[in-house]
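# Report on the structure
The lines below spell out each chain.
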Amino acid sequence: MSRQKILILDFGSQVTQLIARRVREAHVYCEVHPCDVSDEWVRRYAADGALKGVILSGGHASAYESADRAPQTVFELGLPVLGICYGMQTMAQQLGGKVESGRQREFGYAEVRARGHTALLKDLQDFRTAEGYGMLKVWMSHGDKVTELPPGFKLMASTDSCPIAGMADEARRFYGVQFHPEVTHTAQGRAMLERFVLDICGARPDWVMRDHVAEAVAAIREQVGDEEVILGLSGGVDSSVAAALIHRSIGDQLTCVFVDHGLMRLNEGDMVMGMFADRLHARVVRVDASQLFLDALAGVTDPEQKRKIIGRLFVDVFKEQARKLQAADASKKGAQWLAQGTIYPDVIESGGAHAHKGGKAVTIKSHHNVGGLPEQLGLKLLEPLRELFKDEVRELGIALGLPPEMVYRHPFPGPGLGVRILGEVKKEYADLLRRADAIFIDELRAAKQYDEVSQAFAVFLPVKSVGVMGDGRTYEYVVALRAVRTTDFMTASWAELPHELLARVSNRIVNEVRGISRVVYDITGKPPGTIEWE
């Protein structure tokens, strides 16, 4: 590609993805690769002239003990380099400075004095002290610190406990910050990263989803040719956008298999069919496997066991349908490709972004969408979204003409209502929960709160509560409402929804969903809770 790019070298930080997201938000393309790529790999990566700068991520190790170092070539390319946390420490140590264990660790909020008026921090401040010093509100996470600047560097930022909280060699355009500009807790973090990428690196902001459509369509056509593709359509954002993109590319060469496990939201199956079969005129095979899933889940209460059962059955049903499709079309070879909605965070977390690049992948968690199906079915794998983050997938969906109400729906777990029904899953419970959840979402939309929260849903509790309706006593089920606000889903705060809205939702659920007599609201953050209940 002729597109300019930023290379992010990952030293194992849990927030490296956020660096990439911030760079992409500046409309500059970037890729994450492991810190231990070779010098030769870096030279090859930069050989086409598209590389405009390098960012070294944070990490959990100590620079003076760990073997994790940036390839020395990074500092010899003549390109700007930004080191963040561990990235700053290894930069300091590799270039002749000194890093030591700190007497006082810094974790969380800190106030940093910006010094030196460097190109990175010039005119950036959150407040001024009585003495007139410009201060930045940042997020720290370190125990070690740089105690001696490398030759050619000057002090750029400091705190009382970390005298060298930022350093710069502006002649070589090398910058290091001990804090994390990629997290939302650093107030000026986005501005810093945009300044580094756009101003210091001089990268063109040409990574735009509406322009990416034509490029992606051309790539799919070249990759697939005249062969057939099969895709497991779940109704979620990723698989929906992947299906729309592939259909735009190859039309009837794509067949979608929509496995309805009976644990979807109200009318969701009909919505999926209406969008893809009726509106986009895609070939969609709908499989009603709801009874099969409910029978397999009977008596099962453990959430992990429920997840495994649902995942295994989905794979079994999909495989059966794929084989039927291949056997039914004797005039053709059948599907040669399996398409998946894999996105970039999946690739990074599984180490998949690195394995073919010559680096040593560090797997954060294993990832699969349909459980090894490519190998089991003898199909080639098509993953058209594997370079994109979730927000980019949504932008792409809008560019492809999918309706906003589909593209910007809140996340929904793969096992569906199976993990929003606590304890055993029964059809009666699923039907009650579907209606209660739909009322909650309907009222959130009416109050213009749906887009203000990151995720909202109802949870069915397998307990009954005494109530009074009219002159009679009731003894019916309880649902909990959950709504959270978050930017990265790593942490979340419960949404302080208007009391009148919650009262209206509760009133409607109790009156309209016979079988539910009590509604409660979950006010637990993450941590200590999780976003989902199971």
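Just above sits the structure.
A brief structural summary. Every value quoted in this text rests on a predicted model; they were computed, and no experiment measured them. (Residues numbered from 1 in each chain as written. Predicted model: local features only at pLDDT ≥ 70, side-chain atom pairs only at ≥ 80, totals over all residues. Heavy atoms only, no water.)

## Quick notes on helix 4 (residues 189-200)
Spelled out, the test is: By the criteria applied, helices consist of DSSP H or I runs no shorter than four residues and strands consist of E runs no shorter than two, each listed in order from the N terminus. To estimate how far a helix should extend, the number of its residues minus one is multiplied by 1.5 Å. Think of it in three bands: residues with accessible area under 20% of the maximum for their type are buried, residues over 50% are exposed, and the middle band is partly exposed, with areas taken using a 1.4 Å probe on protein chains only.
For helix 4, spanning 12 residues, the distance from its first C-alpha to its last is 15 Å, which sits close to the expected 16 Å at 1.5 Å a residue. Residues of helix 4 that are buried include every one of G189, M192, L193, R195, F196, V197 and I200, and no others. Backbone geometry just downstream of helix 4 places G202 in the positive-phi region, at approximately 70°.

## Concerning the side chain of K306
Counted only if it meets this: Should any heavy atoms of two residues lie within 4.5 Å, those residues are considered in contact.
Tracing the backbone through its elements, the reader meets K306 in helix 9 (residues 303-328). Residue K306 is classed as buried on the basis of its relative accessible area, which comes to 0%. Once residues within four sequence positions are removed from consideration, K306 is found in contact with L297, V300, T301, G418, I421, L422, G423, V425 and E534.

## A closer look at helix 2 (residues 39-46)
Counted only if it meets this: In this description, the arc belongs to the directions extending from the helix axis to the C-beta atoms.
Every buried residue belonging to helix 2 is among W41, V42, Y45 and A46, and all of these are buried. All buried residues of helix 2 lie within an arc of 125° about the axis, which places them on one face of the element. Packing partners of the buried residues in helix 2 comprise strand 1 (5-10), strand 2 (29-34) and strand 3 (51-56).

## Considering the packing of helix 15 (residues 427-446) against helix 16 (residues 499-512)
Definition in use: To get an axis, a line is fitted to the C-alpha atoms, and for a helix only the part in contact is used. The angle between two axes follows their N-to-C directions and goes from 0 to 180 degrees. Convention used here: angles under 35 degrees read as roughly parallel, angles over 145 as roughly antiparallel, angles from 65 to 115 as roughly perpendicular, and any remaining angle as oblique. Helix crossings are classified by the rotation of the near helix relative to the far one: an anticlockwise turn of less than a right angle makes the crossing left-handed, while a clockwise turn makes it right-handed. Amino acid classes used here: Ala, Val, Leu, Ile, Met, Phe, Trp, Tyr, Cys and Pro are nonpolar; Asp, Glu, Lys and Arg are charged; the rest, including Gly, are polar.
Relative orientation of the contacting elements helix 15 and helix 16 amounts to 150°, with a least axis distance of 9 Å. By the angle between their directions, the pair helix 15 and helix 16 is classed as roughly antiparallel. Crossing of helix 15 against helix 16: the hand is right-handed. In this structure, helix 15 contributes R435, A436, I439, F440, D442, E443 and L444 to the contact, and helix 16 contributes L501, R504, V505, R508, I509 and E512. Of the residues that constitute the contact of helix 15 with helix 16, the class distribution is seven nonpolar, no polar and six charged.

## Observations concerning the nonpolar core
We apply this condition: Among buried residues, the Ala, Val, Leu, Ile, Met, Phe, Trp, Tyr and Cys ones that are joined through side-chain atoms within 4.5 Å form a nonpolar core.
In terms of nonpolar packing, the biggest core is built from 51 residues, with L497 and I509 touching the most fellow members. It is helix 15 that contributes the most residues to this core, nine residues altogether. In contact with L497, not counting residues within four places along its chain, are F440, L444, Q449, V453, A483, L502 and Y521.

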